[in-house]
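Here is what each chain is made of, one letter per residue.
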Amino acid sequence: MEKSYLESNPNQEGFFGKYGGSFIPPQLEGAFKEINEAYDKLSKSFDFLNELKNIRKHYQGRPTPISYAKNLSEYCGGGQIYLKREDLNHTGAHKLNHCMAEALLAKYLGKKKIMAETGAGQHGVALATAAAYFGLECEIHMGEVDIQKEYPNVVRMKILGAKVVPATHGLKTLKEAVDSCFEAYISQSDTALYAIGSVVGPHPFPKMVRDFQSIVGYEAKEQFFEMTHKLPDNCIACVGGGSNAMGLFSAFIDDPVKLHAVEPLGVGTKLGEHAATLTFGEEGIMHGFNSIMLKDENGEPAPVYSVGSGIDYPSVGPEHAHLSQIGRTIVGTCDDEEAIDAFYKLSQLEGIIPALESAHAVAYAMKYAKEHPKESILVNLSGRGDKDIDFVVEKYPIPQKEQ
Ligand SMILES: *Cc1c(COP(=O)(O)O)cnc(C)c1O
């Protein structure tokens, strides 16, 4: 029998076409090999999968529902928009799907600690939650600039019992946090697990995080079929590193369903004004894997910007680079202004305040629905917007609802 797409991608070395792989310092090769071999076994282990299933159900609150956005669909005057409600997952976003599984992996490996870097703090909070649940230590590296900017998430991590380590060199943001965490991991890899926050990083993380997120797509496929007796015509998700998008897409990849990856266009098309990596980037290696990235004039990761702080990443998961190159996904964009409009529209028409990241997918779906009135659209609503409300209302006044 012919192998499915998911069975044959990535290959043994962790490549999706020419993207992916593992480009790490020699001191870490042993640690990543250990993770790879363990995951290979555990992904087929009944005990591991069954424990994860129970955690999903009894702790995370899965399955999350699909909601038909009737008012929003009518407002757009066209296609029918459905929302996969990852905002209702414990901690309010999809990230816990892979963090719980990574922490479970740490437990099976007999590790005492999980560690990672975080940019806006969302991955740090989800990982600190998982660490608390499993009784593991948690060490989060974060740029000093980000610590000041995202202070509520720093407090959350500390309440949850995590140790927050400031990265104090260079620009003191995400890139420096990655360096700092890698360095700390080198001396601790026998007792700690590095838990990457998206479908990025060296093999096996892009595959492993995709598999851990695929619960979103498998649930959604069944739920959508139950509601409509069909497959959706389109799946839409925002892409930073790309984990929520791969989670939704993976269940539909061998089906006749259009898959749209939406990147943040920020405030313009010039380098530094956006984080639309697949749209404007070129091939390159950063953070241990080969993919498409945004480079500055020296070939280093370029500064990026989006109002959605969880999607401003200068590279993208290697599988997204591959899927867009072979034409399996359609890459779209959404700028800050469209995302803010969608943030308020979804709030006022459906009673759902979305995360600014997720609002990018909603905005793209609204445009698409107008132009394709006969099609159904399944959007991954990756998170809730509570974390964003203070910032949004200060910068973008609340619009009067059209009555
Ligand atoms: C972190 C985050 C994202 C972006 O991460 P991906 O790996 O691209 O999915 C999207 N939405 C929310 C709510 C997030 O917290």
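Residues numbered from 1 in each chain as written. Predicted model: local features only at pLDDT ≥ 70, side-chain atom pairs only at ≥ 80, totals over all residues. Heavy atoms only, no water.

Looking at the site of the ligand
Lining the immediate surroundings of the ligand are 17 residues, of which Lys95, Ser198, Gly242, Ser243 and Ser382 lie closest. Within the side chain of Lys95, one N or O atom sits 2.7 Å away from an oxygen atom of the ligand. At 2.7 Å, a side-chain N or O of Ser382 approaches a nitrogen atom of the ligand. Relative to its unbound accessible surface of 380 Å², the ligand loses 98% to contact with the protein. A domain split of the shell around the ligand shows at least three residues from each of domain 1 (15-57 + 95-205) and domain 2 (61-92 + 214-395). (Near = heavy atom within 4 Å. Polar contact = N/O pair within 3.5 Å; in protein donor to acceptor, adjacent residues only side chain to side chain. Areas by Shrake-Rupley, 256 points an atom, 1.4 Å probe, with all protein chains shown as cover. Domains from an automatic or database assignment.)

Section: the sheet that holds strand 7 (residues 163-167)
If you walk across this open sheet you meet the four strands as 7-6-5-8, and the pairing is parallel. Every interior strand has two partners, whereas the edge strands, strand 7 and strand 8 (192-194), have only one. Looking at each pair of strands side by side, their axes are set apart by 25° on average, direction ignored. Strand direction decides the pairing type here: strand 6 (residues 137-143) and strand 7, joined by five bridges, are parallel. In the sheet register, Glu139 faces strand 7, and the bridge partner there is Lys163. Across the sheet, helix 6 (residues 122-134) touches strand 5 (113-118) and strand 6, and the angle it forms with strand 5 is around 170°. (Pairing = 2+ DSSP bridges. Helix = DSSP H or I, 4+ residues; strand = E, 2+ residues; numbered from the N terminus. Axes fitted to C-alpha atoms, helices over the stretch in contact; angles between N-to-C directions. Contact = heavy atoms within 4.5 Å.)

Re the pairing of strand 14 (residues 376-381)
With six of six residues buried, strand 14 is to be regarded as a mostly interior element. Covered by surrounding structure in strand 14 are Ser376, Leu378 and Asn380 together with Ile377, Val379 and Leu381, the residues of both alternating faces. Looking at chain direction, strand 4 (residues 80-85) and strand 14 are connected through six bridges and run parallel. Note that in strand 14 the partner of Ile81 across the bridge is Ile377. The pairing of strand 9 (residues 234-238) with strand 14 spans three bridges and is parallel. In the sheet register, Cys235 faces strand 14, and the bridge partner there is Leu378. (Buried < 20%, exposed > 50% of the residue type's maximum accessible area, 1.4 Å probe, protein only.)

Remarks on the environment of Val392
Examined against the element boundaries, Val392 turns out to sit in helix 16 (residues 389-395). For Val392 and Val307, which are 85 residues apart along the polypeptide, the C-alpha to C-alpha distance reads 9.3 Å. If sequence neighbours within four positions are ignored, Val392 has contacts with Ile340, Phe343, Tyr344 and Leu356.

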